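Listed here are the chains, written in short residue letters.
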Amino acid sequence: MNLHIVDSGSGPAKTIVFLHGFPFNHTMWRTQAAVLNGRFRTVLYDHRGHGQSEVGSGQYLFEFFVDDLLALLDRLQIQKTYLCGLSMGGYMALRAAERAMDRIEGLILCDTRCEADSNEAKLKRAKAVRTIEEKGVSAFCEDFLKACFSSYTYRENPALVADVREMIMSTPVPGIIGTSIALATRTDTSAILPKLKVPTLILVGEDDSITPPEAAKTMQTLLPRAELHTIPHAGHLSNLENPDAFNKYFVDFLRRQSA
Ligand code: MLT
């Protein structure tokens, strides 16, 4: 798979790899990469089927996204790294930690969960794929946007809603369908959490209805070294909806890691 990667280079001692959510792309992490101001090597990339990365057959299992991440670490000769993932990116970070714990220096888990899809979630995926096939991707996109944002953001920040709409609509349709199906195939990573002794920051939008604060609390309870903060005026896209609050916790956590 040819993946589109933005690598700030090998100068700084520590690395952070950013993992975007579905169906977005690496640009959702621009502000967080910028705020680190060269203190970390930052690697942003588009998952297969998203952004400028190759789509391939569009037939994916969730595990393939984790294969891509571990292959990318090898390719960029990153022995150990922080992983910062939102939602699908968080699922990937936890599964990568389960497969290759020695490669993980720390985790930033945003608006995500450790459980696999429930029956209800699998049926929602079936509905989403049906909507795309029957009504087109814009019908899916409008439903998804409403679920993503807090009602505050949806009402008060139309420019952000428009940016995210653009991100979704520019994602190749086989990538959206293939990833929807793949997300239902991910494994439950709850069992690994008590063994993950790395420093972990968990952030969640107070109004996240896709991966709600209770899911974040469950991860914090299971992880030995996790701190959890709730982001006000934010739903599922907390880093975009309230970047000031998000970045305060994000920068403070990473400053402590590099001290
Ligand atoms: C995401 O933001 O990555 C998705 O909402 C994840 C999901 O649908 O489970």
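Reference entry: report on the structure contained in this document. A quick note: this is a predicted structure, and the numbers were derived from the prediction, not measured.

What follows deals with the pairing of strand β6 (residues 200-205). With 6 of 6 residues buried, β6 lies mostly within the body of the structure. The sheet contact formed by strand β5 (residues 104-110) and β6 spans 4 bridges and is parallel. Looking at β6, one finds that L109 is bridged to I202. In the sheet, β6 pairs with strand β7 (residues 226-231) via 6 bridges, with the strands oriented parallel. Within β7, the position partnered with L201 by the bridge is E227.

The N-to-C vectors of helix α4 (residues 119-135) and helix α8 (residues 173-183) enclose an angle of 165°; their axes lie 9 Å apart at closest approach. Classified by the angle between their axes, α4 and α8 sit roughly antiparallel to one another. Regarding α4 and α8, the two cross each other, and that crossing is left-handed. Contact with α4, carried on its side by R125, V129, I132 and E133, involves V173, I176, I177, S180, I181 and L183 of α8 and no other residues of that element. Residue classes in the contact of α4 with α8 are distributed as 7 nonpolar, 1 polar and 2 charged.

Let us look at the site of the ligand. Close contacts around the ligand come from G21, F22, F24, S87, M88, Y91, R125, F144, I210 and H236, and that covers them all. At 2.9 Å from an oxygen atom of the ligand is found a main-chain nitrogen or oxygen belonging to M88. Within the side chain of Y91, an N or O atom sits 2.6 Å from an oxygen atom of the ligand. Summarising the interface, the protein chains cover 95% of the accessible area of the ligand, which totals 270 Å² for the free molecule. When the residues that make up the shell around the ligand are grouped by side-chain class, the tally is 6 nonpolar, 3 polar and 1 charged.

The next point concerns the pattern of salt bridges. In total, this model carries 15 salt bridges according to the counting rule given. Residue K14 is joined to E105 by a salt bridge in which the shortest nitrogen-to-oxygen separation is 3.5 Å. Here K14, found in the loop between β1 (5-7) and β2 (15-19), pairs with E105, found in strand β5; they are 91 residues apart in sequence, far enough to count as distant. Between R99 and E63 there is a salt bridge, and its shortest N-O distance comes to 3.0 Å. In this pair, R99 sits in helix α3 (residues 88-99) while E63 sits in helix α2 (residues 62-75), placing the two residues 36 residues apart along the sequence.

Criteria and cut-off values
- Residues numbered from 1 in each chain as written.
- Predicted model: local features only at pLDDT ≥ 70, side-chain atom pairs only at ≥ 80, totals over all residues.
- Heavy atoms only, no water.
- Buried < 20%, exposed > 50% of the residue type's maximum accessible area, 1.4 Å probe, protein only.
- Helix = DSSP H or I, 4+ residues; strand = E, 2+ residues; numbered from the N terminus.
- Pairing = 2+ DSSP bridges.
- Axes fitted to C-alpha atoms, helices over the stretch in contact; angles between N-to-C directions.
- Parallel < 35°, antiparallel > 145°, perpendicular 65-115°, else oblique.
- Left-handed = near helix turned anticlockwise from the far one by under 90°.
- Contact = heavy atoms within 4.5 Å.
- Nonpolar A, V, L, I, M, F, W, Y, C, P; charged D, E, K, R; others polar.
- Near = heavy atom within 4 Å.
- Polar contact = N/O pair within 3.5 Å; in protein donor to acceptor, adjacent residues only side chain to side chain.
- Areas by Shrake-Rupley, 256 points an atom, 1.4 Å probe, with all protein chains shown as cover.
- Salt bridge = Lys/Arg side-chain N within 4 Å of Asp/Glu carboxyl O.

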